[in-house]
Amino acid sequence: MNGISIQPQATIGEGLYVGHGGSVHIGGKATLGNNCNISQEVTIGVAGRGDKRGTPHIGDRAFIGAGAKILGLIEIGDDVAIGANAVVTRSLPDRAVAVGIPASIISYEGSFEFVSYTNMENDAVRQESLLIRDQD
């Protein structure tokens with residue numbers, strides 16, 4: 001037992017990093033992009049009713065802080081940072097930094113300071129996203 005529950009229908013990209021395995025749950029048909037970082041006690045799960053019921057789609061290079069809950073049929077963009085204990089029930093655009101209950105966007109600085117992975121300096125998509133952030 002490692003304290004991590006990933007449903008078999010979930011889709012996980014390459015390079016997933018789980019900092020601490022305690023109480024991590026990835027439910028239903030949730031999808032996570034490449035090079036995402038997840039902290040302990042994170043839930044990525046099913047919520048909603050009718051045609052709005054479903055699981056989140058999380059983009060590439062996302063950082064999800066300890067205790068965060070990401071629920072429902074929502075889209076989390078690339079390079080997003082979600083703070084500790086945030087409750088996210090609405091979609092977040094690329095490079096958003098979201099905190100609180102319910103989560104709200106506090107900046108568009110992205111997850112660049114929180115996510116690291118092999119050869120990230122040569123990742124053209126990440127470099128382009130950094131450039132867009134710096135132009136805004």
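Computed from a predicted structure; not experimentally measured.

Undergrad: Just checking my understanding: could you explain the overall build of the protein for this structure?
TA: Check the secondary structure of the protein and you find one helix and 15 strands. On the principal axes, the C-alpha backbone points of the protein span a range of 40 × 30 × 25 Å. Counting all 136 residues of the protein, 42% fall into the buried class. In the protein, of all internal contacts separated by at least 6 residues, the share reaching a separation of at least 24 is 26%. When the accessible surface of the protein is totalled, it reaches about 7400 Å², and 51% of it is carbon and sulfur. Averaging the positions of the 10 positive and the 15 negative side-chain charges in the protein gives two centres separated by 12 Å.

Undergrad: Sorry if this is basic, but what is going on with the packing of aromatic side chains here?
TA: Aromatic ring pairs are described here by two measures, namely the spacing of the ring centres and the angle between the planes. Following the criterion strictly, the structure yields one aromatic pair and no others. Seen in terms of ring centroids, F63 and F114 are 5.0 Å apart; in terms of plane orientation they differ by 25 degrees. Their pairing is stacked. Residue F63 is found in strand β9 (residues 63-64), and its partner F114 is found in the loop between β15 (104-107) and α1 (124-135); the two are separated by 51 residues along the sequence. F63 sits in the buried class, given a relative accessible area of 18%.

Undergrad: Looking at this structure, how should I read the nonpolar core?
TA: Across soluble globular proteins, nonpolar side chains show a tendency to be buried alongside one another. In terms of nonpolar packing, the biggest core is built from 23 residues, with I44, I58, I64, I70, I76 and I82 touching the most fellow members. Among all residues touching I44, those that are not within four sequence positions of it are H25, I26, G27, A30, L32, I38, P56, I58, I64 and I70.

Undergrad: Looking at this structure, how should I read the sheet that holds strand β2 (residues 11-12)?
TA: Note on sheets: strands pair through backbone hydrogen bonds, and any given pair is parallel or antiparallel. Taken together, four strands build an open sheet; the order of strands is β2-β5-β8-β11 and the sheet is parallel. Because the sheet does not close on itself, it has two edges, and the strands there are β2 and β11 (75-76). Across two bridges, strand β8 (residues 57-58) lies against β11 in parallel orientation. In the strand pairing of β11, H57 is matched with E75.

Undergrad: Help me understand α1 in this model?
TA: Along an α-helix, residues three or four apart share an orientation, since each turn contains 3.6 residues. In this model, α1 (12 residues) spans 17 Å end to end at C-alpha, consistent with the 16 Å of a helix rising 1.5 Å per residue. All of the buried residues along α1 are R126, S129, L130 and R133. Burial along α1 is one-sided: seen end-on, the buried residues are contained in an arc of 100 degrees. The exposed residues of α1 that point more than 90 degrees off its buried face are A124, E128, L131 and Q135. Backbone nitrogen of V125 and a side-chain oxygen of the N-cap are separated by 3.1 Å at the start of α1; the cap is D123.

Conventions adopted
Each chain has its residues counted from 1, following the order in which its sequence is written. Reporting of local features is limited, given that this is a predicted model, to residues whose pLDDT is at least 70; pairs of side-chain atoms are given and counted only at 80 or more, and all residues count toward the totals for whole chains, interfaces and linings. To obtain the side-chain values, all non-hydrogen atoms of the structure were included, while hydrogens and water were left out. Under the DSSP-based scheme used, a helix requires at least four consecutive residues in state H or I and a strand at least two consecutive residues in state E, with every element numbered from the N terminus. Exposure is judged per residue with a 1.4 Å probe applied to protein chains only, and the accessible area is read against the type maximum: over 50% gives exposed, under 20% gives buried, and values in between give partly exposed. The contact definition used throughout considers only heavy atoms, calling two residues in contact when any of these lie within 4.5 Å. Using a 1.4 Å probe, the Shrake-Rupley method yields the accessible areas, and only the shown protein chains count as cover for residues. None of His or the chain ends enter the tally, which takes Lys and Arg as positive and Asp and Glu as negative. A charged residue contributes its charge at one atom only: NZ of Lys, CZ of Arg, CG of Asp or CD of Glu. The criterion for an aromatic pair is that two Phe, Tyr or Trp rings (for Trp, the six-membered ring) have centres within 6.5 Å, with stacked assigned to planes under 30 degrees apart, edge-to-face to planes over 60 apart and tilted to the rest. As used here, the term nonpolar core means buried Ala, Val, Leu, Ile, Met, Phe, Trp, Tyr and Cys residues forming a set that is joined through side-chain atoms within 4.5 Å. By this definition, two strands are paired if DSSP reports at least two bridges between them. By definition here, a helix of n residues has an expected span of 1.5 Å times n minus one. The directions from the helix axis to the C-beta atoms form the arc being described. Here a polar contact is recorded for every N or O atom pair within 3.5 Å, except that within protein the pair must consist of a potential hydrogen donor and a potential acceptor, and residues adjacent in sequence are included only if both atoms are side-chain atoms.

This is a description of form; function is not addressed.
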